[in-house]
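Single-letter residue listing:
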Amino acid sequence: MRTSLFALAMAAGSFALIGSVAIGATAAPGRVAAPPPAPAPTAAPSSTATPAPTPAPAATAAPAASPAPTASGTEVAPLPPASASATVAPSAVPVGPPPPAAESAAPVAAPPMAYNWNLPVPAPAPEAPAKPSQPWTTRDLSRNFWQLTLGVRNSWITHEGFDPFATTDSLTQVSISGTRTLVVAGDVSLAAGLSLEGGSRSATARGAPSDIYVLRPGAVLEGRYHLHNNVYASLKLVPHAARVAASIDEPSAAGTLEQVDWRFGMDATAGVAWNFVRTLGANPVPGWWLWTDFGYGFTQSKDIVLKANADESSAGSRHQLSLGTLAVNGLLLRVGAAMTF
Amino acid sequence: MSRYARTGRAALLSVVLAAGCGERPEGWDQPVSVQHVAGLSGAVAMVDESIHRVSLVAIGKDLSLDTRHQPTGVGIASVKPSPDGQKLYVLARGVQPRLGPDDDRPALWVYDGTGKGDLLARYELDAPLDGLTVDPLGQFVVVHPSGSSGAFVENPNELVIIDVTQPASSTNPVLRTLRSFGGTPQRLTFTDPLMLPAGERRLLIVETDQEVSLLDLDNLDRPEVTVVLNSADGTTNVKPAEVAVDEGDADKANDTRVAIRTNQSGVFLLTLAELPPGKQAYNDFDVVVNIIGLSGVPSDIGFVRTDAGRRLAVLEPQHSRASLVDPETTVVTTVDLPTSYGSMAVVTDRAGGSGDESDVALLWGGDSSAIGVAFWSLGKSVGQPYRSIEVLTGVASSVARVVDVPAPNDVLKLLIPQAFGGGQVYVLDMQHRTASPLFTYSSSVEMEVSDDGLRAWFYVPGTSSLARIDLETLHPVNLYLDRTTKAVFDVTTQGGGRAAVALHPTGAWGATVFDATQPDDATAARHVGILQGGF
């Protein structure tokens, strides 16, 4: 049944196409005494049959099409230029969806960009907010966007409790986050999301191999001031829980001494982000940004009491080592790239 | 420079400064290097030479560790506790050569040993000496060369005398160079206060390899009195081996005597008498020298009280006899011994002696191979010498060393055999004249007797063997250690109790701490990484 319907539809379509051609061929019945003119050798039948008006720019851009062979040797009145051009310059017709009327009115001086398949030429006034250019969203993607970031966080942890586990004060972590703009008010916007940062250090503590791993899942609250469509400054708060896993292979103990604990923390940073791709002239979706922020990370201080990872029934299971307290506090710097959409 | 550039530079500088703050102390990169440990009255000390630090570990009520780290000098030469364990002396050579004013000088460092862990004093020295002798009464420490300082030029007769009850000053320490007739100091002996003709004095007796010098510690500005033991032509090669001091009668000021045992037959007897009228001397006492001829080389000497008065007892193991020398007349009474006892100790008060009239001495083999021990009743040694020796039956091995037990069990002595291999340790009860054996399978047992005289700890360095002997009941408790042991110390805890600390020398050192009065594997506290951190 479905096949029959499809066949019927195809047949109807063919009929309509044939009918069009017939109608076109007999468009001036009272004025043609001569036999119908020979078909124009370059005219595509389908194009000839297209009744739709051709775009004006194409019509104006195709004067060379006017000496159409279809007019030669006949007394037939020349076709309207639009029809003529439509028949000779099909390649100039955009193949995409028709642009909005407003865009049709835009100046035509700018050459088409290689990757700009559906966006307008950048507005001449840079301060003007970008118009929604995506057919699938009406959001202003310079301010109101989803953002995914990938970067590196480096903390300078000067707390003495960090010393057994690292030869310097630096703790480098991979940083990822995802945020969504919640509020846009002029050049100011507010975003929130989640972040996850993790990294480790290792060293020797008086000859005993030691390491520490810090994982920070957190929430992101970010206020942005958009200096430009391509640049914004931000203030970011990241309350988080820090999972600190420390261990030391102390030879005087029966096994590796370990401690894993959770503690609360808060990062406060100021930063800036730059949509470098758009600044360079392209405006792809998703948008690509470089960002950095700098500030201070505070984390709750806790005692470091490392306990032996040994069989519970052995005396070694009671081995423990206290190394004072540790707070993974310190200045921090993040750099990375972000994707917005 | 634009404002933005200045701001940027300031921000960068801030970051750099912040990054540079709190650099990791170098100590974290230094492996532990402990060559010296010491047990004190209320702490255990470990000298960590790689980071120039002394760690004083006190024991809490719950057997926890309360560790205090204190700086110390570079190049540790010697570490000794004071006899009462209240102080720790650390002698450091300092940086050699000193190339800058910040380089550490040679110094004696003094630390509290009661559990507070304080650095009490530091006495700078002019030269990197490496010998350290501690006054049993706790007033003086003498620093002297021991021949191994490695200095290009060294004065072997130089003594640095430090009054450790006084702070460092221009007159403390005192530098003295002994007049030498060719000898170099070998041993130093501090005397108790002696009643000398000019009053009470303390002497420092210095034995060189051919002389004996007497130094008045109460008048360090006076030159020492030196007794040359060798003959004038130097052919006899007499070397002092031991000194014994006797104050004599308390009401007499001119009968203080010093006996000198040498490597030759015979004993030198010095009498510290009143200066003869008209004799000019730097010191206010005179030294009268007598030489007592014996047929054998003595192995031990000591002043004793006999039924005939004060005598110098001399053991001559090669003849299996003892000689009693009258210091007044140098008349010698010979007492035959059942075997070649080489060592003795006066045990009068603990062995049921009369105390007021005559002494009782304990005899054992020492360096000789004599089996067993004997009591020598000196109350009848001169009149009836053949009845004065009581051999204690039951001690079947040769005793190399006798360990004293503090009160209240000072009637006991621990008899340590020449070799432990399959042998026995005896607990000698001098009051009841019994010797109780304790068997051990190990051949290198070390022993720590508690200051309160109630316990003895037996352990074998390098193993995990440890046992406590209750000296009241002689009940042994074998204890479990999960790591090898370097040393065991019985110390006072911060709560006033007692704890035994077994030190484990691996890594950053560990310790197993037992309640000394009721040791139990289940309640022992096992600590690790004692020397980690604290920078």
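Residues numbered from 1 in each chain as written. Chains lettered and ligands numbered in written order. Predicted model: local features only at pLDDT ≥ 70, side-chain atom pairs only at ≥ 80, totals over all residues.

A. Representation of the overall build of chain B in the model. Scanning chain B from N- to C-terminus turns up one helix and 42 strands. Viewed in the frame of its principal axes, chain B has a C-alpha envelope of about 110 × 65 × 40 Å. Every one of the 535 residues in chain B was classed for burial, and the buried ones make up 44%. For chain B, the proportion of contacts with a sequence separation of at least 24, taken over those separated by at least 6, is 44%. (Helix = DSSP H or I, 4+ residues; strand = E, 2+ residues; numbered from the N terminus. Buried ≥ 20, exposed ≤ 12 C-beta atoms within 10 Å, placed from the backbone. Contact = placed C-beta atoms within 7 Å.)

B. The arrangement of the overall build of chain A in detail. Across its full length, chain A holds six helices and ten strands. Per-residue burial over chain A gives 28% buried out of 341 residues. Once local pairs closer than 6 in sequence are excluded, the contacts in chain A between residues at least 24 apart make up 65%.

C. Quick peek at the pairing of strand β10 (residues 330-340) of chain A. All names here are of chain A. Both strand β1 (residues 146-156) and β10 contribute to a ladder of ten bridges, which runs antiparallel. For V152, the partnering residue across the bridge sits in β10 and is V335. Pairing between strand β7 (residues 287-299) and β10: eleven bridges, direction antiparallel. When the bridges of β10 are listed, W288 appears paired with M339. (Pairing = 2+ DSSP bridges.)

D. Representation of the sheet that holds strand β30 (residues 389-391) of chain B. Residues and elements named next belong to chain B. If you walk across this open sheet you meet the four strands as β27-β28-β29-β30, and the pairing is antiparallel. The sheet terminates laterally at β27 (343-346) and β30, the two strands that pair on one side only. Between one strand axis and the next, the sheet turns by 25° as a mean value, whatever way the strands run. In the sheet, strand β28 (residues 360-364) pairs with strand β29 (residues 374-377) via four bridges, with the strands oriented antiparallel. By the bridge assignment for β29, L362 is matched with F375. (Axes fitted to C-alpha atoms, helices over the stretch in contact; angles between N-to-C directions.)

E. Molecular detail of the domain arrangement of chain B. Residue and element names in this part refer to chain B. In terms of domains, chain B is made up of domain 1 (181-293) and domain 2 (298-443). If you look at the interface, domain 1 gives eleven residues, while domain 2 gives eleven residues. For the side of domain 1 that touches domain 2, the elements supplying multiple residues, two or more each, are β19 (240-246), β20 (256-262), β21 (267-273) and β22 (286-292). Across the side of domain 1 that touches domain 2, the residue classes break down as five nonpolar, two polar and four charged. (Domains from an automatic or database assignment. Nonpolar A, V, L, I, M, F, W, Y, C, P; charged D, E, K, R; others polar.)

F. Structural context of the interface of chain A and chain B. Taken together, the contact between chain A and chain B spans 25 residues of the former and 24 residues of the latter. The dominant element in the side of chain A that touches chain B, judged by the number of residues it contributes, is strand β9 (residues 320-326) of chain A, at three residues. Here the side of chain A that touches chain B is composed, by residue class, of eleven nonpolar, eight polar and six charged.

G. Structural context of the confidence of the model for chain B. Within chain B, residue pLDDT values average 87, and 90% of them lie at 70 or more. Interface confidence for the predicted complex, expressed as ipTM, amounts to 0.79; the pTM equals 0.77. (pLDDT = per-residue confidence, 0-100.)

H. Quick look at the sheet that holds β22 of chain B. Residues and elements named next belong to chain B. The strand order across the open sheet formed by four strands is β19-β20-β21-β22, and the pairing between neighbours is antiparallel. This sheet does not close on itself; its edge strands, each paired only once, are β19 and β22. Across the sheet, the mean angle separating the axes of adjacent strands is 20° when strand polarity is ignored. Judged from the seven bridges that link them, β21 and β22 form a sheet pairing that is antiparallel. Bridging across to β22, L272 finds its partner in V287.

I. Layout of the confidence of the model for chain A. Residue-level pLDDT values for chain A average 72, and 59% of them are 70 or greater. A low-confidence stretch, residues 1-117 of chain A (pLDDT under 50), is modelled with 66 contacts involving residues beyond four sequence positions or located in other chains.

J. Fine view of the pairing of strand β39 (residues 487-492) of chain B. Residue and element names in this part refer to chain B. For β39, the tally of buried residues reaches five of six residues, placing the bulk of the element in the interior. Bridge analysis of β39 against strand β40 (residues 498-504) gives six bridges, and the strand direction is antiparallel. Across the sheet, A487 pairs through a bridge with L503, a residue of β40.

K. Structural view of the environment of V212 of chain B. All names here are of chain B. Its location among the elements puts V212 in strand β17 (residues 211-216). Expressed as a C-alpha distance, the spacing of V212 and P185, which sit 27 residues apart in the sequence, is 8.8 Å. In this structure V212 touches I205, V206, E207, V227, L229, P240, V243 and I260, once residues within four positions along its chain are discounted.

L. Representation of the environment of S343 of chain B within the structure. All names here are of chain B. Mapped onto the secondary structure, S343 falls in strand β27. Linking S343 and W109, residues 234 residues apart in sequence, is a C-alpha distance of 36 Å. Contacts of S343, omitting those with residues within four sequence positions, involve S299, D300, W364 and G366.

M. Unusual backbone geometry, seen in detail. Between V285 of chain A and P286 of chain A the backbone carries a cis peptide bond, its omega angle lying at 5°. Along the chain, P286 of chain A turns up in the loop between α6 (276-279) and β7. In this model, A407 of chain B is joined to P408 of chain B through a cis peptide bond whose omega is 10°. Here P408 of chain B is to be found in the loop between β31 (399-404) and β32 (412-417). The backbone phi angle of H52 of chain B is positive, close to 55°, even though this residue is not glycine. Summarising the element assignment, H52 of chain B is placed in the loop between β2 (44-48) and β3 (53-59). Despite not being glycine, T330 of chain B shows a phi value in the positive range, around 60°. If you trace the backbone, T330 of chain B turns up in the loop between β25 (321-325) and β26 (332-336).

N. Structural context of the environment of I161 of chain B. Residues and elements named next belong to chain B. As for its placement among the helices and strands, I161 is situated in strand β11 (residues 158-163). Separated by 59 residues in sequence, I161 and L220 place their C-alpha atoms 8.8 Å apart. Non-local contacts of I161, meaning those with residues more than four positions away in its chain, are made with F140, V142, P173, V174, R176 and L220.

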